[in-house]
Amino acid sequence: MNNIEQKFLLLQINDALFPIGTYIHSYGLETYVQHELVTDASSMQEWLTQYMTSAFLYSELLAVKLAYEQTNNHDLAAVDYLEKFFLTAKAPLELRQAAIKLGSRFIKTVQSLPLPSIDDNFYHYISQSRLHAHPIAYGVFCSAADIALPDSCLHYIYAQAASLINTCVKSIPLSQTSGQQILRSCSVQWPQLLDKLHSLSIDDFCLSTPGFDIRAMQHETLYSRLYMS
């Protein structure tokens, strides 16, 4: 693939309409809304900043980076270990299930696309185990498609933030304009997030974020739910 084709592919696999089911997961955000901890645009922006710079950074985003690098090194044994580590470290059941469901749908969907220039590492990765976590599958795929790591991570950050803001717009509710204002305000933090990611290693992987984990666990017993996690 040439550079333009890679950019369009990256846009496609991170698009809200890419059919892997991201829109049905809130990653514990619904608990914060129902417990009236996130109630308006200001508290939503504070929650998003805290989540993206802690739980998301050290788990999903770092998983993308490590899986990408290990695939580039043709070390699929390390990728397999990373994936098992990631799923084991996901204490909330719903978050583990979300990662697996999204991973499965991501793989099935990208396999259905006409992609002549994907490295065999991606197909070896698919065949080496039954369960695949979405951030790992995404990192492996981007490496196999020869998409630059910074671009892969930046699009992944944007997709996650936009999805969570859309969840909050519907749940609080907020206006669509407020949601876009929050997204724009947070975007100045993304370069800082990428800089921090660059300094992280496997030693930082899945650092504990108990507050977010507890809210994700409480989601299982909410009286009513719009989302699966």
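All of the points below concern the structure found in this document. All values derive from a computational prediction rather than experimental measurement.

Calculation rules
- Position numbers for residues count from 1 along each chain, tracking the sequence in the order it is written.
- Confidence filtering applies because this is a predicted model: local features only for residues at pLDDT of at least 70, side-chain atom pairs given and counted only at 80 or more, and all residues used for totals across whole chains, interfaces and linings.
- To obtain the side-chain values, all non-hydrogen atoms of the structure were included, while hydrogens and water were left out.
- Secondary structure counts use DSSP, requiring at least four H or I residues in a row for a helix and at least two E residues in a row for a strand, with both numbered from the N terminus.
- We take the radius of gyration over the C-alpha atoms and set the globule estimate at 2.2 Å times the residue count to the 0.38 power.
- Throughout, exposure labels follow a simple rule: accessible area from a 1.4 Å probe, protein chains only, divided by the maximum for the residue type, with under 20% read as buried, over 50% as exposed, and the rest as partly exposed.
- Contact definition: two residues touch when any of their heavy atoms are within 4.5 Å.
- By convention, a stacked pair of Phe, Tyr or Trp rings (six-membered ring in the case of Trp) has centres within 6.5 Å and planes under 30 degrees apart, an edge-to-face pair has planes over 60 apart, and any other such pair is tilted.
- In this scheme, Lys NZ or Arg CZ marks a charge over a ring once it lies within 6 Å of the ring centre and within 35 degrees of the ring normal.
- Simply put, an axis is a line fit to the C-alpha atoms, just over the touching stretch for a helix, and the angle between two N-to-C directions goes from 0 to 180 degrees.
- Every angle not falling under 35 degrees, over 145, or within 65 to 115 is termed oblique; those three ranges are roughly parallel, roughly antiparallel and roughly perpendicular.
- Gly counts as polar in this scheme, as do all residues outside two lists: the nonpolar Ala, Val, Leu, Ile, Met, Phe, Trp, Tyr, Cys and Pro, and the charged Asp, Glu, Lys and Arg.
- The arc in question is traced by the directions running from the helix axis to the C-beta atoms.
- Just to be clear on terms, a salt bridge is a Lys or Arg side-chain nitrogen sitting within 4 Å of an Asp or Glu carboxyl oxygen.

**Brief notes about the overall build of the chain**
Here is step 1: Each helix and strand in the chain was counted, giving 12 helices and 0 strands.
Here is step 2: Listing the helices and strands of the chain from first to last along the sequence gives α-α-α-α-α-α-α-α-α-α-α-α.
Here is step 3: Taking 2.2 N^0.38 as the reference for a compact globule, 229 residues should give roughly 17 Å; the C-alpha atoms of the chain span a radius of gyration of 17 Å, in line with that estimate.
Here is step 4: By its C-alpha atoms, the chain is 50 × 35 × 35 Å across when sized along the principal axes.
Here is step 5: Within the span of the chain, comprising 229 residues, buried residues form 53% of the whole.
Here is step 6: Partitioning the contacts of the chain with sequence separation of at least 6, the portion at a separation of at least 24 is 81%.

**Here's the deal with the packing of aromatic side chains**
Here is step 1: Applying the stated criterion to the full structure yields 16 aromatic pairs.
Here is step 2: Ring geometry for F122 versus Y123: centroids 5.5 Å apart, planes at 70°, classification edge-to-face.
Here is step 3: For the ring pair F122 and F141, a centre distance of 5.2 Å and an interplane angle of 75° mean the geometry is edge-to-face. Separated by 19 residues along the polypeptide, F122 in helix α7 (residues 120-128) and F141 in helix α8 (residues 134-144) bring together distant segments of the chain.
Here is step 4: Residue F141 is classed as buried on the basis of its relative accessible area, which comes to 1%.
Here is step 5: Note that R215 overlies the ring of Y32, its terminal NZ or CZ placed 5.7 Å from the centroid.

**Some points on the packing of helix α4 (residues 55-72) against helix α11 (residues 190-198)**
Here is step 1: Look at α4 against α11: their axes get within 11 Å of each other, and the N-to-C directions meet at 70°. As far as their axial angle goes, α11 and α4 are roughly perpendicular. On the side of α4, the interface is formed by L57, Y58, L61, L62 and K65, while α11 contributes L193, K196, L197 and H198.
Here is step 2: Here the contact of α4 with α11 is built from residues that sort into 6 nonpolar, 1 polar and 2 charged.

**Regarding α11**
Here is step 1: For α11, the set of buried residues is W190, L193 and L197. All buried residues of α11 lie within an arc of 55° about the axis, which places them on one face of the element. α11 presents Q192, D195 and H198 as exposed residues on the side facing more than 90 degrees away from its buried surface.
Here is step 2: The inward-facing, buried residues of α11 abut α3 (41-52), α4, α9 (149-171) and α10 (176-186).

**Looking at unusual backbone geometry**
Here is step 1: Cis geometry is adopted by the peptide bond preceding P173, which originates at I172 and carries an omega value of -5°.
Here is step 2: Phi is positive for E36, which is not a glycine, with a value near 60°.
Here is step 3: Position of E36 among the secondary structure elements: in the loop between α2 (29-34) and α3.
Here is step 4: Located in the positive-phi region is D146, a residue other than glycine, with phi close to 60°.
Here is step 5: Checked against the element boundaries, D146 lands in the loop between α8 and α9.

**With respect to the pattern of salt bridges**
Here is step 1: Enumeration according to the criterion identifies 3 salt bridges in this entry.
Here is step 2: E60 is the partner of K90 in a salt bridge, and the nearest nitrogen-oxygen pair spans 2.9 Å. Of this pair, K90 sits in the loop between α5 (76-89) and α6 (93-111) while E60 sits in helix α4, placing them 30 residues apart in sequence. We note that K90, like E60, is buried.

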